[in-house]
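Residues per chain, in single letters:
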Amino acid sequence: MAKYDPQQIETKWQSFWDANKTFKTGTDMSKPKYYCLDMFPYPSGAGLHVGHPEGYTATDIICRYKRNRGFNVLHPMGWDAFGLPAEQYAIQTGTHPAVTTQKNCDNFRRQIKRLGLSYDWDKEINTTDPKYYKWTQWIFTRLYNTWFDEVEQKGRPISELPIPADVQALGASAVRQYRDSKRLAYYADAQVWWCKHCKIVCANEEVLADGSHEKCGKKEVERRNLKQWLMRIPLYAERLLKGLDDLDWPQGVKDMQKNWIGKSQGAEVDFAIADKDGKPTEKHLRVYTTRCDTLFGATYMVIAPEHEMVNELTTAENKETVAAYVHAAALKSDMDRTELAKEKTGVFS
């Protein structure tokens, strides 16, 4: 038997597949369809890492099997190319991010083709391509101009939102604020990791265990409330939960999804805030409880370190202690703060 020469054999067939578009998505309507979607990689300057072909080889096997079984197989590849790393690299080197992104995409494509993976390159997607992101912008505007009808359990155009008579009586500004409060996409404060040295928002994965920023190495990362666009996903909790029943997924994965959705039944309760003489004021602290029957036995309430009323509720003698605790909490990851096995911490305000 002749010795296997990968340089000769693989190069020959990869050229043939390219020239003849062997893996082009079939359009024979008499055949069953199969759609296999891989996670699109972020094309870094370092090229592919071993984790990429590990997953892509598994889906490639499935796609080749399905083609041989007579399926029209759609197996695309693309680049999740928008991101802070491209911006940082541009700042550091003075190179336009479009140039480096294109170069990285070309290198990733070359490497994937050399692996012999069976992608339909006519279906290639790049998230930095205006022809692609015009549709993500279109989807966003649809979300922005939609409200969730709890009766019908679906989104409806914001123009169809019923405006209460008392709101209409307050004028156009009140109507606009009411509509904005119901939109599926809204602008509000949310916690993010912030590197004071780089002056950028960091992903969770970029914050190391010692509290330093992976990119610059400085221990100047902290939690901050910054304005950003958010989605009213909780409104769809019931639909998401019901949808899990029809999925052919392992039960363990379904349970993880249910925990992530985090449906909880309870009530919000307002506690009046007293003045320095102990008399109730018009201000109140709203808390959530799943055990309303225990309210009369409540001796204290817990608020998050980043709660907007922390400073207002903290007395002069506790300010220093509270400030230190808030700062320490701002340096912790979500995992550190929510790990159930750890001892609960807190300070009196």
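Parameters at a glance
- Residues numbered from 1 in each chain as written.
- Predicted model: local features only at pLDDT ≥ 70, side-chain atom pairs only at ≥ 80, totals over all residues.
- Heavy atoms only, no water.
- 1 Å grid on protein atoms, 1.4 Å probe; cavity = no way out; pocket = protein on both sides within 12 Å on 5 of 7 lines; lining within 4 Å.
- Points joined across faces, edges and corners; volume = space filled by probe spheres on them.
- Helix = DSSP H or I, 4+ residues; strand = E, 2+ residues; numbered from the N terminus.
- Nonpolar A, V, L, I, M, F, W, Y, C, P; charged D, E, K, R; others polar.
- Pairing = 2+ DSSP bridges.
- Buried < 20%, exposed > 50% of the residue type's maximum accessible area, 1.4 Å probe, protein only.
- Contact = heavy atoms within 4.5 Å.
- Arc of directions from axis to C-beta.
- Patch = residues over 30% accessible without salt bridge, like charges linked within 9 Å, V, L, I, M, F, W, Y side chains within 5 Å.
- Areas by Shrake-Rupley, 256 points an atom, 1.4 Å probe, with all protein chains shown as cover.
- Salt bridge = Lys/Arg side-chain N within 4 Å of Asp/Glu carboxyl O.
- Core = buried A, V, L, I, M, F, W, Y, C linked by side-chain atoms within 4.5 Å.
- Disulfide = S-S within 2.5 Å.
- Axes fitted to C-alpha atoms, helices over the stretch in contact; angles between N-to-C directions.
- Parallel < 35°, antiparallel > 145°, perpendicular 65-115°, else oblique.
- Expected span 1.5 Å × (residues − 1).
- Polar contact = N/O pair within 3.5 Å; in protein donor to acceptor, adjacent residues only side chain to side chain.

Trainee: Quick question: what am I supposed to make of the layout of surface pockets here?
Mentor: Gaps left between atoms show up when a probe the size of a water molecule is rolled over them. When its volume is computed, the second largest pocket comes out at roughly 540 Å³. In terms of lining, the second largest pocket is formed by 22 residues, of which the most central are Tyr 42, Ser 44, Pro 85, Ala 86 and Lys 215. Of all the elements in the fold, those that place two or more residues in the lining of the second largest pocket are α3 (84-93), α4 (97-114) and β8 (200-202). Taken together, the residues of the lining of the second largest pocket break down into 10 nonpolar, seven polar and five charged.

Trainee: Is there a simple way to explain the pairing of strand β7 (residues 185-195) in this structure?
Mentor: Within a regular strand, side chains alternate between the sheet's two faces. Where β7 lies against strand β9 (residues 221-231), 11 bridges are found, and the strand directions are antiparallel. Residue pairing across strands places Ala 188 opposite Gln 228, the latter belonging to β9. Counted between consecutive antiparallel strands, the loop separating β7 from β8 contains four residues, among which Lys 199 sits at a positive phi close to 60°.

Trainee: When you look at the environment of Ala 330 in this model, what are you seeing that I'm missing?
Mentor: With respect to the helices, strands and loops of the structure, Ala 330 is situated in helix α11 (residues 319-330). Residue classification places Ala 330 among the buried residues on the basis of a relative accessible area of 14%. In this structure the C-alpha to C-alpha distance between Ala 330 and Glu 317, which are 13 residues apart in sequence, comes to 22 Å. With near-sequence residues (within four places) excluded, Ala 330 lies in contact with Trp 193, Glu 222 and Arg 223.

Trainee: Quick question: what am I supposed to make of helix α8 (residues 237-244) here?
Mentor: Three- or four-residue spacings in an α-helix give side chains the same orientation, since the helix completes a turn every 3.6 residues. When we look at burial in α8, the residues that qualify are Ala 237, Leu 241 and Leu 244. All buried residues of α8 project into a common sector of 55° when viewed along the axis, lining one side. The elements touched by buried residues of α8 are α9 (251-261).

Trainee: Whenever I open this one, a nonpolar patch on the surface confuses me. Can you help?
Mentor: Judged by side-chain polarity, Tyr 4, Ile 9, Trp 13 and Phe 16 come together as a nonpolar surface patch covering roughly 390 Å² of accessible area. Residue position: Trp 13 is located in helix α1 (residues 6-20).

Trainee: Explanation requested: the nonpolar core in the structure shown.
Mentor: The nonpolar side chains of soluble globular proteins are, as a tendency, buried together. If you look at the biggest cluster of nonpolar residues, it comprises 11 residues: Leu 48, Tyr 56, Met 77, Trp 79, Ala 81, Cys 105, Phe 108, Ile 112, Leu 117, Tyr 119 and Trp 121. Sort the elements by how many residues they give to this core and α4 lands first, with three residues. Discounting residues that sit within four places of it in the chain, Ala 81 has contacts with Tyr 42, Pro 43, Thr 101, Asn 126, Thr 127 and Thr 128. Trp 147, Ile 158, Ile 163 and Val 175 belong to the second-largest nonpolar core, a separate cluster that totals seven residues.

Trainee: Looking at this structure, I do not really get the state of the cysteines. What am I missing?
Mentor: Formally, a disulfide is one covalent bond, and it connects the sulfur atom of one cysteine to the sulfur atom of another. Inspection of the entire model under this criterion finds zero disulfides. The closest cysteine sulfur to the non-disulfide-bonded Cys 198 is located on Cys 216, 3.6 Å from its own sulfur. By relative accessible area, Cys 198 is classed as partly exposed at 25%. Here Cys 202 is not disulfide-linked; the sulfur of Cys 195 is the nearest cysteine sulfur, at 5.1 Å.

Trainee: I would appreciate a short explanation of the packing of α8 against α9 in the present structure.
Mentor: The packing of two helices is summarised by the inter-axis angle and the distance between the axes. Across the interface, α8 lies against α9 with an axial gap of 10 Å and an inter-helix angle of 175°. Classified by the interaxial angle, the pair formed by α8 and α9 is roughly antiparallel. Where α8 approaches α9, its residues Ala 237, Leu 240, Leu 241 and Leu 244 are matched on the opposing element by Lys 254, Gln 257, Lys 258 and Ile 261.

Trainee: Where do I start with α1 in this structure?
Mentor: If you check α1, its first and last C-alpha atoms are 20 Å apart, about what 15 residues at 1.5 Å a residue would give, namely 21 Å. One side-chain oxygen of the residue at the start of α1 lies 3.2 Å from the amide nitrogen of Gln 7, identifying that residue as Asp 5. Note on α1: the residue one or two positions beyond its end, Lys 21, has a positive phi of about 45°.

Trainee: What is the right way to read the environment of Asn 72 from this model?
Mentor: Along the chain, Asn 72 falls in strand β2 (residues 72-74). Using a relative accessible area of 8% as the deciding quantity, one classes Asn 72 as buried. Sequence separation of Asn 72 and Thr 294 is 222 residues, and the distance between their C-alpha atoms is 60 Å. Not counting residues within four places of it along the chain, the set of residues in contact with Asn 72 comprises Gly 26, Thr 27, Asp 28, Lys 31, Pro 32, Lys 33 and Tyr 34. Here Asp 28 takes part through its backbone oxygen, which lies 2.6 Å from a polar atom of the side chain of Asn 72.

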